[in-house]
Amino acid sequence: MHKSLRIAALTAACTVAAGALYGAGAATAGQSTANSTREPYNIGLLVKDIDTYYGTAADADGVYQASPTSQYAKDLARLDKDAERYVDRAARKAHRKGQKPAVVFDIDDTLLLSLDYEKRYNYTYNSATWAAYVNRADRPGVFGSAELVRYAQQKGVEVFYNSGLNEAQRTAAVENLKKIGADVNLDAGHMFLKDAANPPSYLSGCATPGSWTCTTVQYKSGTRKHIEKDLGYDIIANFGDQYSDLDGGHADRTYKLPNPTYFVS
């Protein structure tokens, strides 16, 4: 996954640290640009705000974890409660109409929390260290997300995954999702990962074998379009921690999970 502009969405991060909930509905800009005529928010203070928001603390093994009593956990709990109510209603409506309802989840910081990586590498990104971290397959789950995956399945909703992880990381992603209890539809037909070497035909406008120029929005919205138009599902809800996970349509409702640690355009 290419993570750009880490600690760049400063205004949004400060809002999150103050306890704002990223709620249901269409994703909005919600962020200032990286260009400013004013002195930016101090990074040292921002990191402290982020730690306070997550309730960040190292466990007995030295792994940085979010606290289940943190504002982050509380915001997720409210979001999950709203999402469960909505999925229940939308699923029943879709089934009455003879439609095939589906939900789509991003993976990184939507289902699997990478807070430990962010802390250890001071909110910077390196492809080698990130790949090694992902391949350990031991990230903790984002509070409530595995339960939401299982809830959707119990309501007769097809679960799909639409991730910025690459194809080489599939085995680790599957293993890690099983560990956190999100063991639902983890086959290649339901988990879509970036495959620059052999991109799918539905992304031919921005990706051909060996040449990948898709933006995150093009890749993710193109995949959702494939799920709806080619596979015949109605995506009733799309979950992600980045606005680029959600933009581009092909979902009846979007849920933006909080993530003040990086920004992917």
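Given the structure is predicted, the values throughout are model-derived calculations rather than measurements.

Cut-offs used in this document
Residues numbered from 1 in each chain as written. Predicted model: local features only at pLDDT ≥ 70, side-chain atom pairs only at ≥ 80, totals over all residues. Heavy atoms only, no water. Helix = DSSP H or I, 4+ residues; strand = E, 2+ residues; numbered from the N terminus. Buried < 20%, exposed > 50% of the residue type's maximum accessible area, 1.4 Å probe, protein only. Contact = heavy atoms within 4.5 Å. Expected span 1.5 Å × (residues − 1). Disulfide = S-S within 2.5 Å. Pairing = 2+ DSSP bridges. Axes fitted to C-alpha atoms, helices over the stretch in contact; angles between N-to-C directions. Right-handed = clockwise from strand over helix to strand, strands pointing away. Phe/Tyr/Trp six-rings, centres within 6.5 Å; stacked < 30°, edge-to-face > 60°. Core = buried A, V, L, I, M, F, W, Y, C linked by side-chain atoms within 4.5 Å. Salt bridge = Lys/Arg side-chain N within 4 Å of Asp/Glu carboxyl O.

(A) Representation of the overall build of the protein chain within the structure. For the protein chain, the count of helices and strands is nine helices and nine strands. A burial count over the protein chain gives 49% of its 265 residues as buried. For the protein chain, the share of sequence-separated contacts (at least 6 apart) that also reach a separation of at least 24 residues comes to 70%.

(B) Helix α8 (residues 216-230), seen in detail. Taking 1.5 Å per residue, 15 residues should reach 21 Å; α8 reaches 20 Å between its end C-alpha atoms and fits that length. Along α8, the residues that are buried comprise Thr216, Tyr219, Lys220, Ser221, Gly222, Thr223, Arg224, His226, Ile227 and Glu228. Where α8 is buried, its residues touch β3 (101-105), β4 (158-166), β5 (191-194), β7 (211-212), β8 (234-240) and α9 (243-246). Gly232 lies just past α8 and shows a positive phi near 85 degrees.

(C) Up close: the state of the cysteines. Applying the stated criterion across every chain yields a total of one disulfide. Note that Cys206 is cross-linked by a disulfide to Cys214, the S-S spacing being 1.9 Å. As the torsion about the S-S bond is roughly 85 degrees, the Cys206-Cys214 disulfide counts as right-handed.

(D) Layout of the sheet that holds β4. The five strands are arranged β5-β4-β3-β8-β9 in an open sheet whose pairing can be described as parallel. In this open sheet, the two edge strands, each paired with only one partner strand, are β5 and β9 (254-256). Going from strand to strand, the sheet's axes swing by 15 degrees on average, the running direction of each strand aside. As judged from the five bridges shared by β3 and β8, these two strands associate in the parallel manner. Paired with Phe105 across the bridge in β8 is Phe239. Its contacts with the sheet put helix α7 (residues 170-179) on β4 and β5, and the angle it makes with β5 is roughly 140 degrees.

(E) Region of the structure containing the pairing of β3. Of all the five residues making up β3, five are buried; the element is thus mostly covered by neighbouring parts of the structure. Burial along β3 is two-sided: Pro101, Val103 and Phe105 facing one way and Ala102 and Val104 facing the other are all buried. Relative to β4, β3 is paired through four bridges, and the arrangement is parallel. Its bridge partner being in β4, Val103 is matched across the sheet by Val159.

(F) Structural view of the pairing of β4. Of all nine residues that make up β4, seven are buried, and the element is covered over most of its length. Relative to β5, β4 runs parallel, the two sharing three bridges. By the bridge assignment for β5, Tyr161 is matched with Met191. The parallel pair β4 and β5 is bridged by α7, and the resulting crossover is right-handed.

(G) Layout of the packing of aromatic side chains. Applying the stated criterion across every chain yields a total of 14 aromatic pairs. Seen in terms of ring centroids, Tyr54 and Tyr72 are 4.5 Å apart; in terms of plane orientation they differ by 50 degrees. Their pairing is tilted. Taken as a pair, Tyr54 in helix α2 (residues 43-54) and Tyr72 in helix α3 (residues 71-96) lie far apart in primary sequence, 18 residues in all. Tyr54 gets classed as buried once you look at its relative accessible area, which sits at 1%. The exposure class of Tyr72 is buried, given its relative accessible area of 1%.

(H) Main features of the nonpolar core. Val103, Phe105, Ile107, Tyr161, Leu177, Met191 and Phe239 are the most contacted members of the largest nonpolar core, which totals 52 residues. With eight residues, the top contributor of residues to this core is α3. In contact with Phe105, not counting residues within four places along its chain, are Thr110, Leu111, Leu148, Val149, Val159, Phe160, Tyr161, Asn162 and Phe239.

(I) Representation of the pattern of salt bridges. Under the counting rule described, the total for this entry stands at twelve salt bridges. Among the ionic pairs, Asp75 bridges to Arg78, the shortest N-O distance being 2.6 Å. Of this pair, Asp75 and Arg78 both sit in helix α3, three residues apart, which is roughly one turn of the helix. On the accessibility criterion, Asp75 (0% relative accessible area) is buried.

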